[in-house]
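Observations on chain architecture
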Amino acid sequence: MTKPVSLSRVAIYATLLAACAVYLIPLVIMLLTSFKSPEDIRTGNLLSWPEVFTAIGWLKAWDGVGGYFWNSVKITIPAVLISTVIGALNGYVLAMWRFRGSQLFFGLLLFGCFLPFQVVLLPASFTIGQLGLANTTSGLVLIHVVYGMAFTTLFFRNYYVSIPDALVRAARLDGAGFFTIFGRILLPMSTPIIMVCLIWQFTQIWNDFLFGVVFASGDTQPITVALNNLVNTSTGAKEYNVDMAAAMIAGLPTLVVYVLAGKYFLRGLTAGAVKG
Amino acid sequence: MSSIAVFTKASPLDALQRWLPKLVLAPSMLIILVGFYGYILWTFLLSFTSSRFMPNYSWVGLQQYARLWDNDRWWVASQNLLLFGGLFIGISLVIGVLLAVLLDQRIRREGFIRTIFLYPMALSMIVTGTAWKWLLNPGLGIDKMLRDWGWEGFRFDWLVDPDRVVYCLVIAAVWQSSGFVMALFLAGLRGVDQSIIRAAQVDGASLPNIYLRIVLPSLGPVFFSALMILSHIAIKSFDLVASMTAGGPGYASDLPAMFMYAHTFTRGQMGLGAASAILMLGAVLAILVPYLYSELRGKRHD
Amino acid sequence: MATLELRNVNKSYGSGLADTLKNIEISIDSGEFLILVGPSGCGKSTLMNCIAGLEDISGGAILVDDQDISGMSPKDRDIAMVFQSYALYPTMTVHGNIAFGLKMRKMAPAAIEEEVARVAKLLQIEHLLGRKPGQLSGGQQQRVAMGRALARRPKIYLFDEPLSNLDAKLRVEMRTEIKLMHQRLKTTTVYVTHDQIEAMTLGDKVAVMKDGIIQQFGTPKQIYNDPANLFVASFIGSPPMNFIPLRLQRRDGQLLALLDSGQARCELPLGAMEAGFEDREVILGIRPEQILLATDESRNQSSIRAEVEVIEPTGPDTLVFVELNQTKVCCRMAPDDAPQVGQTLELQFDPSKVLLFDAKSGERLLPGKPLASGGKVAQFKAG
């Protein structure tokens, strides 16, 4: 539209590019460092090109945190699936089958999304202990399902609220029951929100540290806890290449998901923020 | 068919159908009531007991709160939270809004740039903390890099400086979350009625003026949401401190979440920890209640 | 085909709240087309949901073929419904949409195919069967929604404002089509609308509702010519009936309505009257087409001169606005007879067509019906 490339356009692009650099550089430094030898790290600086690229940091890191990586997988996958199923059913009831008290319940649930978890940690740890689930991945699955439920329900409820309830009424007149309506009518149209919910839950649970450090120990720790232990042990010489490689290992799954399904990730973030 | 039935009895299956929605929701309702509200009450009770490593229920009244009041570390943690929260929220908002406005100028490859701004949000705070701990490493991090690049007198050792370590947390947290603020505002900007902007252009307003006086003021609710989420992140911040500084040096970079964890689970001060958790809840409520109130009131006006 | 009877149906959402439906009494014969019409929030959609079983009633009975169905679940009532938003299942094809209810009723696959084919032919949507609702135009969606209802061959059809999402032209087309369909199939139908033209054109019987109460139940003709109260009179008819406030007078046993156009006055004789009406504040109602231009022969004491303030040509008619008793009055005229703005007309009223309403209660004042004050009503004919 405007023919001359104005000064302000140049300034805008320059600012945006500079910002891109600021956001990207830490990732670049992590990658560079993870492939450096300890020699390079001592002699060079953050952005200096390594003399030799070596995967030794990655191998050592995998030795250190690989087992915990699988713990995280074992915790995350069931917790994500279960909390999504529960959220979908809850959201379906809250949006389409309101009854006296269901709005109050939704209010209580919404409030739960904002709770600082510190305030439930102690009783939750007693309960997990009583159930014999202390220091097990199952215990963490349970915890993540319970405290992730508020968000998954919120996602599905808000999605289903935007679907005209005439659909449900039409299906009832057609003779369909509660689960038939859910399975045949609503679920086939829920792909976007299922994606949002899965991705949100995946990043939340994979990235969790608080529950992991409180409810797991030793062999059952998730990768975030293991990474933190690795980085913050004061014994022995610091191997920054190993630290960075371990951090990359811990961060890769969520990064990959973000790159592949960024659209849904963003929608989850904003849906969580702008509650309906 | 033609006989007048007074009332047709519903079959058992119909009765079940009628109850199904409630039955499906019931377990979740129970879990929410117990696991959220019951446990809050339980923590509240514990905060009035002398529980140490194990819970006991000998009533000590407000003693734990009094101990908190007298506890130096708690005060440091609380002040840190104010400082950290204030800076983190303020800087994130400014950067987020700025980037959103810039991205709203029909930028080429906008999607790509947006992806870059937002990716830190996908990372765990532990990963972020680990990365920034390395970047800010006194002696090997940015400190050394800038000296290598010829800035001889440069010193950057905030990470081990008790007076400045909180700023390190702010830097890492802003890096992680400002892209999210950008995304929120960009979505908000896209929702602004374009005819308002055209009307302002016709009235002769310059672009910066249009944004400052017309567009941004109309994004009040987005500001509010962002503020809400950011303060929530700040109050809950635990992973970042744990991975970057572990509260150190000393307890110079302690935050309430860290304080609560340390006293409850490693130092055997369960009662004190419970009391600090309740105070954290109080802080969240102080922000949340006006937020929900205005949200609900706004809904009623629609 | 079935009869439908609503006996004293009540609906309330809670003890503290006002009733949503109050003492609804409606009865229609097999094959009749019932219209529920009223402004939004009048309870017409709630009533329809109650008939369908989507909401429970709080009291009374709903009878289909003399059998009380009010305790049955929706699927057992054998009622089909066409929704305002069509409510087509978005992930199913048109075929799937029509067949869904049949599948739910465990009909044999061959029979389902046969039935879908029959309905598709009837509605001329055979070429759309493989498409999804999102790929259809509004009118096509409307047909599919009707097809879904037709496929079950239910006892009763319910239509919930089915045309309100269509544009004006399509609305008129579909209206005719629905009427045609009903004439062919002769199925008992309940049709909810807020559009008084649909009510007039489609219905065998019309129930005008307001605030959960049936204001009047009758044939379209009765509702139009003989409205029970001011609300019904104002709701039905376009352009709406003129309402002129005035005070009744009595002279020589004659009831007179005094009209004043600013230029002239006239005394409209409303017939012989008995005591009780004089000095009463009333509202005189007259439809725009019932105000005529006076000819030289017809000019008499009940004609009045008035100045034309606005004219609105609509094509077939021209609406002419004058002022009587400080109220805008609309007259419907043939375009050839239409005057110019500022011109003075001589208007004439047919006293037999004039309706009277109580200014306070809005109730219709009728001959033979005792007044609230205990007086007798004047002998004038209505409708």
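Everything numeric here is computed off the predicted structure, so don't read it as measured data.

Brief notes about the overall build of chain A
- Helix and strand counts for chain A stand at 13 helices and 0 strands.
- Counting from the amino terminus, chain A carries its helices and strands in the arrangement α-α-α-α-α-α-α-α-α-α-α-α-α.
- Relative to the globule expectation of 19 Å for 276 residues, the C-alpha radius of gyration of chain A, 23 Å, shows a markedly less compact shape.
- The burial tally for chain A puts 52% of its 276 residues in the buried class.
- Contacts in chain A between residues at least 24 apart in sequence constitute 79% of all its contacts with a sequence separation of at least 6.

With respect to the environment of I95 of chain B
- The topology assignment puts I95 of chain B in helix α3 (residues 72-103).
- In this structure the C-alpha to C-alpha distance between I95 of chain B and M182 of chain B, which are 87 residues apart in sequence, comes to 7.6 Å.

Some words on unusual backbone geometry
Residue and element names in this part refer to chain C.
- Between S238 and the following residue, P239, the backbone shows a cis peptide bond with an omega angle of -5 degrees.
- Phi at R153 takes a positive value of approximately 45 degrees, unusual for a residue other than glycine.
- Mapped onto the elements of the fold, R153 is located in the loop between α4 (138-151) and β7 (156-160).
- Judged by local crowding, R153 falls into the partly exposed class, with 15 C-beta atoms found within 10 Å.
- The backbone of E161 sits at a positive phi, close to 40 degrees, despite the residue not being glycine.
- Relative to the helices and strands, E161 resides in the loop between β7 and α5 (168-185).
- We classify E161 as buried; it has 20 C-beta atoms within 10 Å.

Some words on the sheet that holds strand β2 (residues 21-28) of chain C
Residue and element names in this part refer to chain C.
- Read across the open sheet, the 4 strands follow the order β2-β1-β4-β5; overall the sheet is antiparallel. In this open sheet, the two edge strands, each paired with only one partner strand, are β2 and β5 (67-68).
- Here 5 bridges tie strand β1 (residues 4-11) to strand β4 (residues 59-64), and the two strands are oriented antiparallel to one another. Within the sheet, the bridge partner assigned to L4 lies in β4 and is V64.

Looking at the interface of chain B and chain A
- The interface of chain B with chain A comprises 78 residues on the first partner and 67 residues on the second.
- Considered class by class, the residues forming the side of chain B that touches chain A number 58 nonpolar, 14 polar and 6 charged.

Quick notes on the sheet that holds strand β8 (residues 188-193) of chain C
Residues and elements named next belong to chain C.
- Here 6 strands make up an open sheet; going across it, the order is β6-β7-β8-β3-β9-β10 and the pairing mixed. Unpaired on one side and paired on the other, β6 (79-82) and β10 (213-218) mark the two borders of the sheet. Neighbour-to-neighbour, the strand axes of the sheet open up by a mean angle of 20 degrees, direction not taken into account.
- As paired elements, strand β3 (residues 33-37) and strand β9 (residues 205-210) share 4 bridges and run parallel to each other. Bridging across to β9, L36 finds its partner in A207.

Comments concerning helix α1 (residues 7-34) of chain A
Residues and elements named next belong to chain A.
- Across its 28 residues, α1 extends 40 Å between first and last C-alpha, which sits within 8% of the 40 Å expected from 1.5 Å per residue.
- Along α1, the helix axis deviates most sharply at L24, where the bend reaches about 35 degrees; the proline P26 sits within four residues downstream.
- Taken together, the buried positions of α1 are L16, A19, Y23, P26, I29, M30, L32, T33 and S34.

Quick word on the confidence of the model for chain C
- Mean pLDDT for chain C: 86, with 93% of residues reaching 70 or above.
- For the stretch residues 368-383 of chain C, pLDDT sits under 50, and the model shows 40 contacts to residues farther than four places along the chain or on other chains.

A few points about helix α1 (residues 12-46) of chain B
- Maximal helix bending in α1 of chain B amounts to about 45 degrees, located at W19 of chain B; proline P21 of chain B follows within four positions.
- Along α1 of chain B, the positions that sit buried rather than exposed are L25, S28, I32, G35, F36, Y39, W42, T43 and L46 of chain B.

Brief notes about the interface of chain C and chain A
- In this assembly, 17 residues from chain C lie in contact with 13 residues from chain A.
- For the side of chain C that touches chain A, the secondary-structure elements that each account for two or more residues are β6 and α2 (94-104) of chain C.
- Of the residues belonging to the side of chain C that touches chain A, the class tally is 12 nonpolar, 3 polar and 2 charged.

Description of the domain arrangement of chain A
Residues and elements named next belong to chain A.
- The assigned domain composition of chain A is domain 1 (1-54) and domain 2 (57-273).
- The C-alpha centroid of domain 2 is placed 33 Å from the C-alpha centroid of domain 1.
- Taken together, the contact between domain 1 and domain 2 spans 9 residues of the former and 9 residues of the latter.
- Residue assignment for the side of domain 1 that touches domain 2 shows that the elements contributing at least two residues are α1 and α2 (38-43).
- Among the elements that make up the side of domain 1 that touches domain 2, the one with the highest residue count is α1 (4 residues).
- Here the side of domain 1 that touches domain 2 is composed, by residue class, of 5 nonpolar, 3 polar and 1 charged.

Description of the domain arrangement of chain C
Residues and elements named next belong to chain C.
- Taken as a whole, chain C is organised into domain 1 (4-235) and domain 2 (242-365).
- Summarising the inter-unit geometry, the C-alpha centres of domain 1 and domain 2 are found 39 Å apart.
- Taken together, the contact pairs 6 residues of domain 1 with 7 residues of domain 2.
- Tallied by class, the residues present in the side of domain 1 that touches domain 2 amount to 5 nonpolar, 1 polar and no charged.

Considerations on the pairing of β8 of chain C
Residue and element names in this part refer to chain C.
- Across the 6 residues of β8, 6 count as buried, placing the element largely inside the fold.
- Of the two faces of β8, the one holding T188, V190 and V192 and the one holding T189, Y191 and T193 are both buried throughout.
- As judged from the 5 bridges shared by β3 and β8, these two strands associate in the parallel manner. Looking across to β8, one finds that V37 is bridged to T193.
- Where β7 meets β8, 5 bridges bridge the pair, whose relative direction is parallel. In the strand pairing of β8, I156 is matched with T188.

Focus: the environment of Q343 of chain C
All names here are of chain C.
- In this fold, Q343 is placed in the loop between β19 (327-333) and β20 (344-349).
- For Q343, a count of 12 C-beta atoms within 10 Å puts it in the exposed group.
- With 35 residues separating them in the primary sequence, Q343 and V308 have C-alpha atoms 5.6 Å apart.

Observations concerning the pairing of β6 of chain C
All names here are of chain C.
- Burial along β6 is two-sided: the residues I79 and M81 and A80 and V82 are all buried.
- Examined bridge by bridge, β6 and β7 share 4 bridges and lie parallel to one another. Across the sheet, residue V82 finds its bridge partner in β7, namely F159.

Considering the environment of T153 of chain A
Residue and element names in this part refer to chain A.
- In this fold, T153 is placed in helix α6 (residues 137-161).
- When the C-alpha positions of T153 and T54 are compared, they lie 46 Å apart, and in sequence the two are 99 residues distant.
- Excluding anything up to four places from it in sequence, T153 contacts G87, N90, G91, L94 and L109.

What about the packing of helix α11 (residues 223-232) of chain A against helix α5 (residues 125-135) of chain B?
- Relative orientation of the contacting elements α11 of chain A and α5 of chain B amounts to 20 degrees, with a least axis distance of 10 Å. What the angle tells us is that α11 of chain A and α5 of chain B run roughly parallel. Here α11 of chain A and α5 of chain B pass one another in a crossing that is left-handed. Note on element contacts: α5 of chain B touches α11 of chain A through I126, T130 and K133 of chain B, opposite T224, L227, N228 and V231 of chain A.
- By residue class, the composition of the contact of α11 of chain A with α5 of chain B is 3 nonpolar, 3 polar and 1 charged.

Observations regarding the packing of helix α7 (residues 165-190) of chain B against helix α10 (residues 220-236) of chain B
Residues and elements named next belong to chain B.
- Contact geometry of α7 with α10 gives a least axis separation of 10 Å together with a crossing angle of 160 degrees. Here α7 lies roughly antiparallel to α10, going by the angle between them. Taken as a pair, α7 and α10 cross one another with a handedness that is right-handed. Across the interface between the two elements, S177, V181, L184, F185 and G188 of α7 pack against V222, S225, A226, L230 and I233 of α10.
- Residue composition of the contact of α7 with α10, by class: 7 nonpolar, 3 polar and no charged.

Quick notes on the rules
- Residues numbered from 1 in each chain as written.
- Chains lettered and ligands numbered in written order.
- Predicted model: local features only at pLDDT ≥ 70, side-chain atom pairs only at ≥ 80, totals over all residues.
- Helix = DSSP H or I, 4+ residues; strand = E, 2+ residues; numbered from the N terminus.
- Rg over C-alpha atoms; globule rule 2.2 N^0.38 Å.
- Buried ≥ 20, exposed ≤ 12 C-beta atoms within 10 Å, placed from the backbone.
- Contact = placed C-beta atoms within 7 Å.
- Pairing = 2+ DSSP bridges.
- Nonpolar A, V, L, I, M, F, W, Y, C, P; charged D, E, K, R; others polar.
- Axes fitted to C-alpha atoms, helices over the stretch in contact; angles between N-to-C directions.
- Expected span 1.5 Å × (residues − 1).
- Bend = angle between axes of the 7 residues up to and from the residue.
- pLDDT = per-residue confidence, 0-100.
- Domains from an automatic or database assignment.
- Parallel < 35°, antiparallel > 145°, perpendicular 65-115°, else oblique.
- Left-handed = near helix turned anticlockwise from the far one by under 90°.

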